[in-house]
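# Results of the structural survey
One letter stands for each residue in the lines below.
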Amino acid sequence: VGTAPFLEGGERDAIQALTPEVAHGPPIFRDNFMSIYRPKPGPPLTGPTLQIGDAWHPIEPVSGQNFRWMNGAAATLCVNTPVPAQFALAARATSFGQGRTLEVWQDNTRVYQAPVPTGDVAMLQTPVLHFPAGTSELRLVVPEGSSPASAGGAAADTRSLSLGFLDIHIVP
């Protein structure tokens, strides 16, 4: 795994620790930017998986748990499922500096909306959503926008923050 500027040390270490579990042999390509491995053979996915998509800041450890801020006022999650599926998504979230609203969009339909407080953590859960086989994208949108992290007193922090999440997961 390369040490590109966008990869934090903790993330790099976590990926390096996981690589022997999922990679089949040495990298098939490596440069100063990335390493590409052939995946270990195994059974195909039998259930849905969830991945972060665009517009997320790196993981931050908070009280022994992984925490991640959205980068700005919109971010994406990718849902991969080998067959059509129905399930909800749940998470714990907080808002930076002021209360905000979380909207979850599937295609062009807003499927969920909830207030997210600042200074506290809200438990959030969408209704049951329907996903076709393959990859689907969910957009997380904050209509109120984001704030510069420097507004919270960290003058050197140039990030744009809106909502932060712990434990985003699938609820069967």
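Data block above holds the structure.
Computed from a predicted model, the values in this text were never measured in an experiment.

## Considerations on the pairing of strand β9 (residues 109-116)
Inspection of the sheet shows strand β8 (residues 100-106) paired to β9 by 7 bridges, in the antiparallel sense. Bridged to Glu103 within β9 is Gln113. The loop that links β8 with its antiparallel partner β9 comprises 2 residues; one of these, Asp107, has a positive phi angle of about 55 degrees.

## Some words on the nonpolar core
In this structure, Met70, Leu102, Leu124, Leu138 and Phe165 are the most contacted members of the largest nonpolar core, which totals 24 residues. Going through the elements one at a time, β6 (74-81), β7 (85-95), β8, β9, β10 (122-125), β11 (129-131), β12 (134-141) and β14 (160-171) are the ones with two or more residues in this core. Among the elements that make up this core, the one with the highest residue count is β7 (5 residues). Setting aside its immediate chain neighbours within four residues, Phe165 contacts Trp56, Asn66, Phe67, Arg68, Met70, Ala91, Arg92, Ala93, Leu102, Leu124 and Leu140.

## Details of the pattern of salt bridges
With the rule as written, the count across this model stands at 3 salt bridges. Of the charged contacts in the structure, one is a salt bridge between Glu60 and Arg159, with a shortest N-O distance of 2.5 Å. With a gap of 99 residues between them, Glu60 in strand β4 (residues 60-62) and Arg159 in the loop between β13 (147-148) and β14 connect regions that are remote in the sequence. The residue Arg110 makes a salt bridge to Glu103 at a minimum N-O spacing of 3.3 Å. When its relative accessible area of 10% is taken as the criterion, Glu103 is described as buried. If you follow the salt bridges from partner to partner, you end up with Glu60, Asp157 and Arg159 in one network.

## With respect to empty space enclosed by the protein
Per the stated rule, a full pass over the model turns up 1 cavity of 30 Å³ or more. Of the volumes computed, that of the largest cavity is approximately 130 Å³. Taken together, 14 residues line the largest cavity, and the ones lying closest to its centre are Leu89, Ala91, Leu102, Val104 and Thr126. Of all the secondary-structure elements, those providing two or more residues to the lining of the largest cavity are β7, β8, β10, β12 and β14. Taken together, the residues of the lining of the largest cavity sort by class into 12 nonpolar, 2 polar and no charged.

## Quick word on the sheet that holds β12
Across a sheet, paired strands are connected by hydrogen bonds in the backbone, their directions being either parallel or antiparallel. Read across the sheet, 5 strands follow the order β3-β6-β12-β8-β9 without closing on themselves; strand pairing throughout is antiparallel. With partners counted over all chains shown, the strands left at the sheet margins are β3 (49-52) and β9, one partner each. Shown here is a sheet whose adjacent strand axes are inclined to one another by a mean of 25 degrees, direction ignored.

## Looking at unusual backbone geometry
The phi dihedral of Asp107 is positive, around 55 degrees, even though this residue is not glycine. Relative to the helices and strands, Asp107 resides in the loop between β8 and β9. The backbone of Asp167 sits at a positive phi, close to 55 degrees, despite the residue not being glycine. Following the sequence through the fold, Asp167 ends up in strand β14. Classification of Asp167 by relative accessible area gives partly exposed; the value is 44%.

## Quick look at the packing of aromatic side chains
All chains considered together, the criterion is met by 4 aromatic pairs. Between Phe67 and Trp69 the ring centres are 5.0 Å apart and the planes differ by 85 degrees, which places this aromatic pair in the edge-to-face class. Like Trp69, Phe67 is buried. Put simply, the rings of Phe67, Trp69 and Phe96 pair up and form one aromatic cluster.

Conventions used here
Residues numbered from 1 in each chain as written. Predicted model: local features only at pLDDT ≥ 70, side-chain atom pairs only at ≥ 80, totals over all residues. Heavy atoms only, no water. Pairing = 2+ DSSP bridges. Helix = DSSP H or I, 4+ residues; strand = E, 2+ residues; numbered from the N terminus. Core = buried A, V, L, I, M, F, W, Y, C linked by side-chain atoms within 4.5 Å. Buried < 20%, exposed > 50% of the residue type's maximum accessible area, 1.4 Å probe, protein only. Contact = heavy atoms within 4.5 Å. Salt bridge = Lys/Arg side-chain N within 4 Å of Asp/Glu carboxyl O. 1 Å grid on protein atoms, 1.4 Å probe; cavity = no way out; pocket = protein on both sides within 12 Å on 5 of 7 lines; lining within 4 Å. Points joined across faces, edges and corners; volume = space filled by probe spheres on them. Nonpolar A, V, L, I, M, F, W, Y, C, P; charged D, E, K, R; others polar. Axes fitted to C-alpha atoms, helices over the stretch in contact; angles between N-to-C directions. Phe/Tyr/Trp six-rings, centres within 6.5 Å; stacked < 30°, edge-to-face > 60°.

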